[in-house]
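The primary structure of each chain is shown beneath.
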2 protein chains.
Amino acid sequence: MSKRRLGPCITFFPQPTTLVASRAADGRVNVMTASWVGLVSKTPPTLGVSLHHGRLTYAQITASGSFTVNLVPVPLAVAADYCGLVSGRDQDKAAVAGLTLVPADLVAAPLVAEAPLNVECRLAGEVELGDYRLLLGEIVQIHALEKAFRADGTLDAAILNPLVYLGGIREYWSLGERKGVAYKDGKALLR
Amino acid sequence: MSKRRLGPCITFFPQPTTLVASRAADGRVNVMTASWVGLVSKTPPTLGVSLHHGRLTYAQITASGSFTVNLVPVPLAVAADYCGLVSGRDQDKAAVAGLTLVPADLVAAPLVAEAPLNVECRLAGEVELGDYRLLLGEIVQIHALEKAFRADGTLDAAILNPLVYLGGIREYWSLGERKGVAYKDGKALLR
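Residues numbered from 1 in each chain as written. Chains lettered and ligands numbered in written order. Predicted model: local features only at pLDDT ≥ 70, side-chain atom pairs only at ≥ 80, totals over all residues.

Participant: Just give me the short version of the overall build of chain A, but keep the residues and values in it.
Facilitator: The number of helices and strands found in chain A is four helices and 13 strands. Taken over C-alpha atoms, the radius of gyration comes to 18 Å for chain A, in line with the 16 Å a tight globule of 191 residues would show. Projecting the C-alpha coordinates of chain A onto the three principal axes gives extents of approximately 60 × 50 × 35 Å. (Helix = DSSP H or I, 4+ residues; strand = E, 2+ residues; numbered from the N terminus. Rg over C-alpha atoms; globule rule 2.2 N^0.38 Å.)

Participant: With reference to specific residues and values, describe the interface of chain B and chain A.
Facilitator: Of the residues lining the interface, 87 residues belong to chain B; the matching set on chain A comes to 87 residues. For the side of chain B that touches chain A, the element with the highest residue contribution is strand E13 (residues 171–181) of chain B, accounting for eleven residues. Split into classes, the residues belonging to the side of chain B that touches chain A amount to 52 nonpolar, 20 polar and 15 charged. With three bridges joining them, strand E11 (residues 132–145) of chain A and strand E1 (residues 3–5) of chain B adopt antiparallel strand pairing. In the sheet register, His143 of chain A faces E1 of chain B, and the bridge partner there is Arg5 of chain B. (Contact = placed C-beta atoms within 7 Å. Nonpolar A, V, L, I, M, F, W, Y, C, P; charged D, E, K, R; others polar. Pairing = 2+ DSSP bridges.)

Participant: How would you sum up helix H2 (residues 77–85) of chain A? Please name residues and give values.
Facilitator: When we look at burial in H2 of chain A, the residues that qualify are Ala77, Ala79, Ala80, Asp81, Tyr82 and Cys83 of chain A. Looking at the buried positions of H2 of chain A, the neighbouring elements they touch are strand E3 (18–23), strand E4 (29–34), helix H3 (93–97) and strand E13 (171–181) of chain A together with E13 of chain B. (Buried ≥ 20, exposed ≤ 12 C-beta atoms within 10 Å, placed from the backbone.)

Participant: Summarise the relation of the copies chain B and chain A; cite the residues concerned and give the values.
Facilitator: Rotating chain B by 180° about the axis while translating it 0.0 Å along that axis superimposes it on chain A, leaving an RMSD of 0.0 Å. With respect to symmetry, the two chain copies, as superposed, fit the operation of a two-fold axis. Considering only C-alpha atoms, the residue of chain B closest to the rotation axis is Gly176 of chain B, which sits at 1.7 Å. Most of the interface of chain B is mirrored in chain A, where 100% of its interface residues again form contacts. (Least-squares fit on C-alpha atoms with pLDDT ≥ 70 in both.)

Participant: Would you mind going over unusual backbone geometry in detail, with residue names and values included?
Facilitator: Excluding glycine, residues mostly carry a negative phi; peptide bonds, for their part, are mostly trans. With an omega of 0°, the peptide bond between Phe13 of chain A and Pro14 of chain A qualifies as cis. Mapped onto the fold, Pro14 of chain A is located in the loop between strand E1 (3–5) and strand E2 (15–16). Each neighbour pair has its own omega, and for Thr43 of chain B with Pro44 of chain B the value is -5°, a cis peptide bond. Of note in this structure, Tyr183 of chain A is not a glycine but carries a positive phi near 65°. Mapped onto the fold, Tyr183 of chain A is located in the segment after E13. Look at Tyr183 of chain A and you get exposed, because 10 C-beta atoms sit within 10 Å. Its identity is not glycine, yet Asn161 of chain B carries a phi of approximately 50°, on the positive side. A count of 19 C-beta atoms within 10 Å places Asn161 of chain B in the partly exposed class.

Participant: Please provide a residue-by-residue account of the pairing of strand E7 (residues 66–71) of chain B, values included.
Facilitator: Residue and element names in this part refer to chain B. Most of E7 sits out of view: six of its six residues are buried. Residue alternation in E7 divides its side chains into two sets, Ser66, Thr68 and Asn70 and Phe67, Val69 and Leu71, and both sets are buried. Where strand E3 (residues 18–23) and E7 come together, four bridges link them in antiparallel fashion. Looking across to E7, one finds that Thr18 is bridged to Leu71.

Participant: I'd like a rundown of the nonpolar core, residues and numbers included.
Facilitator: Counting 128 residues, the largest nonpolar core has Leu47 of chain A together with Leu47 of chain B as its most contacted members. Once you skip the residues sitting within four places of it in the chain, Leu47 of chain A turns out to touch Val37, Gly38, Leu39, Val40, Val69, Val119, Cys121, Gly137 and Ile139 of chain A together with Phe12 of chain B. (Core = buried A, V, L, I, M, F, W, Y, C linked by C-beta atoms within 7 Å.)

Participant: Please set out the pairing of strand E11 (residues 132–145) of chain B residue by residue, giving values where relevant.
Facilitator: Counting buried residues in E11 of chain B gives twelve out of 14 residues, a clear majority hidden from the surface. Joining the antiparallel neighbours strand E10 (residues 117–129) of chain B and E11 of chain B is a turn of two residues, in which Gly130 of chain B adopts a positive phi near 60°.

Participant: I'd like to hear about helix H1 (residues 56–64) of chain B, residue by residue, with values.
Facilitator: Residues and elements named next belong to chain B. Along H1, the positions that sit buried rather than exposed are Thr57, Tyr58, Gln60 and Ile61. The inward-facing, buried residues of H1 contact E3, strand E4 (29–34), strand E6 (45–52), E7, E10 and E11. One or two residues past the end of H1 sits Gly65, with phi positive at roughly 80°.

Participant: Run through the sheet that holds strand E2 (residues 15–16) of chain B, naming residues and quoting values.
Facilitator: Taken in spatial order, the six strands of this open sheet run E2(A)-E12(A)-E13(A)-E13(B)-E12(B)-E2(B), and their pairing is antiparallel. Here the strands that pair on one side only, and so sit at the sheet edges, are E2 of chain A together with E2 of chain B. In this sheet, E13 of chain B lies alongside strand E12 (residues 164–166) of chain B in antiparallel orientation, the contact comprising three bridges. Within E13 of chain B, the position partnered with Val164 of chain B by the bridge is Trp173 of chain B.

Participant: Tell me about the environment of Gly168 of chain B, and please be specific about residues and values.
Facilitator: Residues and elements named next belong to chain B. Among the structural elements, Gly168 can be located in the loop between E12 and E13. Judged by the 17 C-beta atoms lying within 10 Å of it, Gly168 is partly exposed. Remark: the alpha-carbon pair of Gly168 and Cys9, spanning 159 residues in sequence, is separated by 8.1 Å.

Participant: An account of the environment of Arg89 of chain B is needed here, citing residue identities and associated values.
Facilitator: Relative to the helices and strands, Arg89 of chain B resides in the loop between helix H2 (77–85) and helix H3 (93–97). Separated by 33 residues in the primary sequence, Arg89 of chain B and Leu56 of chain B place their C-alpha atoms 6.9 Å from one another.

Participant: Could you give an account of the environment of Thr43 of chain A, naming the residues involved and the relevant values?
Facilitator: Secondary-structure assignment places Thr43 of chain A in the loop between strand E5 (37–42) and strand E6 (45–52). With 10 C-beta atoms counted inside 10 Å, the residue Thr43 of chain A sits in the exposed group. Put simply, Thr43 of chain A and Glu138 of chain A are 95 residues apart on the chain and 9.4 Å apart in space, counted from C-alpha to C-alpha. For Thr43 of chain A, the residues in contact, after removing those within four places along its chain, are Gly130, Asp131 and Tyr132 of chain B.

Set out below in structure tokens:
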């Protein structure tokens, strides 16, 4: 298949669309849109979030030692995009975007109630990467939307309805159809 | 919205489905399925890939100093799932899965021809996280499917057709519809 070279750049996807919430010492909360978020360990469960060192969120997380990662559902696309456009130093983004903040179980940072999945993290480490900082967060609690659970305890992704971010081309997409089951479909090729 | 607590775990998504390719000193190539992959810096462009330290791919990347990340399109779901089920120590996974390996421009690791996006990385660092290792790869070249480019030079995500992985619930999904444009739609909330 013929390809076009893009050089060194950051065209890469799909990625999650999330809102990272943090709380300052004075109680003030900031909510920042982030797609550079992903799992990095299972021992213990750990998320990595990378962001520019000049961000208010970076200052608040490193000072407070915690953050939450809140999954953005499709209907919250405009609110999430707004939370990536302005700084919490200038506006109370959660208020402007109409987001409801509720207390977490185990960390100071709040949860975004409208998110179908909330991940509570304790800051466990930091890696310097040029102008960016990869913050490592040990996952201490996860909350999932009750109505997305089927009777057998599994989660229905269509009800969670996560907004997918396509980096480089800067687009938000919904999920389409389930195309397979992991750790199962590939067995067809086992010899 | 009512939520159910999951405790500390790794239920988190959407994530990319990728094939990480690496080459041993003897020329042998291994291809491993990975969804714990994401951007971590723009200065310089850098990807992070986290994997268990016992993986053949970990040994080959740290010995050779390079890897490639190859985006899995929807039609390759079964092949990709297979490449996550078995070890390259036991089978020549690319051959069994019918994947075509072609030389990269700047690194020893090969590209998977069937992938609509290929990212060439030079190993730039490593972070120990329990039993896992986060490998930091400086992006030195990206290749994108020629036929996915529109006349104006933008990329059509529907033609790239990436397979989205939903971690925790272990499902593969396609993209649905474009729901928004980043760094633009949120301006509706600017005051």
